[in-house]
Amino acid sequence: MAHYAADLSAGKGMLWLKAPKPKEDGTLVSARRLTNHTDPVPERRFDLFSQVAYGHSADRFAAVDGRGDLYVFHLRANRFSLVYRANQEVTALTFCCGKENDLLVACADASIRIVKSDTGATVARLKSHRAPVTCLAPHPLERYAVSCGHDHTMLWDLEALRRVRNVGNKGCAQAAFLHSGN
């Protein structure tokens, strides 16, 4: 069985050289970024992904390593690319529902950034949280998103790029919209 390990160190490239055959556990490809060539323990030579988000069509996903480097993987196109460097820990990650190429990226400085997944350009930086955001949930049909942090749960208007209101008190770990949009 052919199994490929894509080296992310170059910042962009192919995921596999020819059509992969899944391993017994279903793995098609492993993505690794060599960070420490001299560490005697092989597992510590690579960065691990801390956050992963899947696109709505399931043909691509975004992943962030511990340094805040954001990679986008296009499975059908057999490509990956480093699109954004947050230069800090990323605490939550999701694709926006209304705009397929937009990612919501929550950083350790309690800000939420809207980043283009194809160019890496920062569209906006949203700040109202005082503590790191632990969960991001986009509205399935419209332009809204909700964010949860240790301080508050907030509703955001992603077109006006502003906080609409606080919708919850401290301590909310996760929130989501129903498929109906409620």
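Before reading on, note that the structure itself is shown above.
Fair warning: this is a prediction, and the values are worked out from it, not measured in the lab. (Residues numbered from 1 in each chain as written. Predicted model: local features only at pLDDT ≥ 70, side-chain atom pairs only at ≥ 80, totals over all residues. Heavy atoms only, no water.)

Chemist: Would you mind going over the sheet that holds strand E8 (residues 90–95) with me for this structure?
Modeler: Across a sheet, strands are paired by hydrogen bonds formed along the backbone, either parallel or antiparallel in direction. Pairing is antiparallel across the open sheet formed by four strands, whose spatial order is E8-E9-E10-E11. Of all strands in the sheet, those with a lone pairing partner are E8 and strand E11 (122–127), marking the two edges. In this sheet, neighbouring strand axes are inclined to one another by 20 degrees on average, regardless of whether the strands run parallel or antiparallel. Here E8 pairs with strand E9 (residues 102–107) via five bridges, running antiparallel. Across the sheet, the residue bridging to Thr 94 is Leu 104, located in E9. (Pairing = 2+ DSSP bridges. Helix = DSSP H or I, 4+ residues; strand = E, 2+ residues; numbered from the N terminus. Axes fitted to C-alpha atoms, helices over the stretch in contact; angles between N-to-C directions.)

Chemist: How should I be thinking about the pattern of salt bridges in this particular structure?
Modeler: It is possible for side chains bearing opposite charge to pair when their charged atoms get close. Inspection of the entire model under this criterion finds six salt bridges. Two residues, Asp 69 and Arg 85, come together in a salt bridge whose shortest N-O distance is 3.1 Å. Remark: Arg 85 occurs in strand E7 (residues 79–85) and Asp 69 occurs in strand E6 (residues 69–74); sequence separation between them is 16 residues. Judged by relative accessible area, which is 2%, Asp 69 ranks as buried. Close ionic contact of Asp 109 with Arg 125 constitutes a salt bridge, the shortest N to O distance being 2.7 Å. Remark: Arg 125 occurs in strand E11 and Asp 109 occurs in the loop between E9 and strand E10 (111–116); sequence separation between them is 16 residues. (Salt bridge = Lys/Arg side-chain N within 4 Å of Asp/Glu carboxyl O. Buried < 20%, exposed > 50% of the residue type's maximum accessible area, 1.4 Å probe, protein only.)

Chemist: What is the right way to look at the sheet that holds strand E15 (residues 162–168) in this model?
Modeler: Taken in spatial order, the four strands make up an open sheet running E12-E13-E14-E15, and their pairing is antiparallel. Across the chains shown, the open sheet's two edge strands, defined by having one partner strand only, are strand E12 (133–138) and E15. Taking the axes of each pair of neighbouring strands and ignoring which way they run, one obtains an average angle of 25 degrees across the sheet. The sheet contact formed by strand E14 (residues 153–157) and E15 spans five bridges and is antiparallel.

Chemist: Would you explain the environment of Leu 15 in this entry?
Modeler: One can find Leu 15 in the loop between strand E2 (12–14) and strand E3 (29–32). Here the alpha-carbon distance between Leu 15 and Asn 78, two residues 63 residues apart in the chain, equals 5.4 Å.

Chemist: I would appreciate a short explanation of the packing of aromatic side chains in the present structure.
Modeler: The relation between two aromatic rings is expressed through the spacing of the ring centres and the mutual angle of the planes. One pass over the full model with this rule turns up six aromatic pairs. With 6.4 Å between their ring centres and 70 degrees between their planes, Phe 49 and Tyr 71 make a pair best called edge-to-face. Here Phe 49, found in strand E4 (residues 49–54), pairs with Tyr 71, found in strand E6; they are 22 residues apart in sequence, far enough to count as distant. Taken together, a centroid distance of 6.1 Å and an interplanar angle of 85 degrees make the contact between Phe 49 and Phe 73 edge-to-face. Separated by 24 residues along the polypeptide, Phe 49 in strand E4 and Phe 73 in strand E6 bring together distant segments of the chain. Here the aromatic residues Phe 49, Tyr 54, Phe 61, Tyr 71, Phe 73 and Phe 80 are joined through ring pairs into a cluster of three or more. (Phe/Tyr/Trp six-rings, centres within 6.5 Å; stacked < 30°, edge-to-face > 60°.)

Chemist: Help me understand the pairing of E9, please; the structure alone is not making it clear to me.
Modeler: Two faces belong to every sheet, and in a regular strand the side chains alternate between them. Along E9, six of the six residues are buried, which leaves the element largely enclosed by surrounding structure. A two-sided burial pattern is seen for E9, the buried positions comprising Asp 102, Leu 104 and Ala 106 on one face and Leu 103, Val 105 and Cys 107 on the other. Linking E9 back to E10 in an antiparallel pair, the connection comprises three residues, with Ala 110 at a positive phi of about 75 degrees.

Chemist: I tried to follow the nonpolar core on my own but got confused; where do I start?
Modeler: The nonpolar side chains of a soluble globular protein tend to be buried, and buried together. Residues Ala 62, Leu 70, Tyr 84, Leu 93, Leu 103 and Val 105 are the most contacted members of the largest nonpolar core, which totals 15 residues. For Val 105, the contacting residues outside a window of four places in its chain are Leu 70, Val 90, Ala 92, Leu 93, Ser 111, Ile 112, Arg 113, Val 115 and Leu 136. Ranked by size, the runner-up nonpolar core spans 14 residues in total, among them Cys 96, Val 133, Leu 136 and Trp 156. (Core = buried A, V, L, I, M, F, W, Y, C linked by side-chain atoms within 4.5 Å. Contact = heavy atoms within 4.5 Å.)

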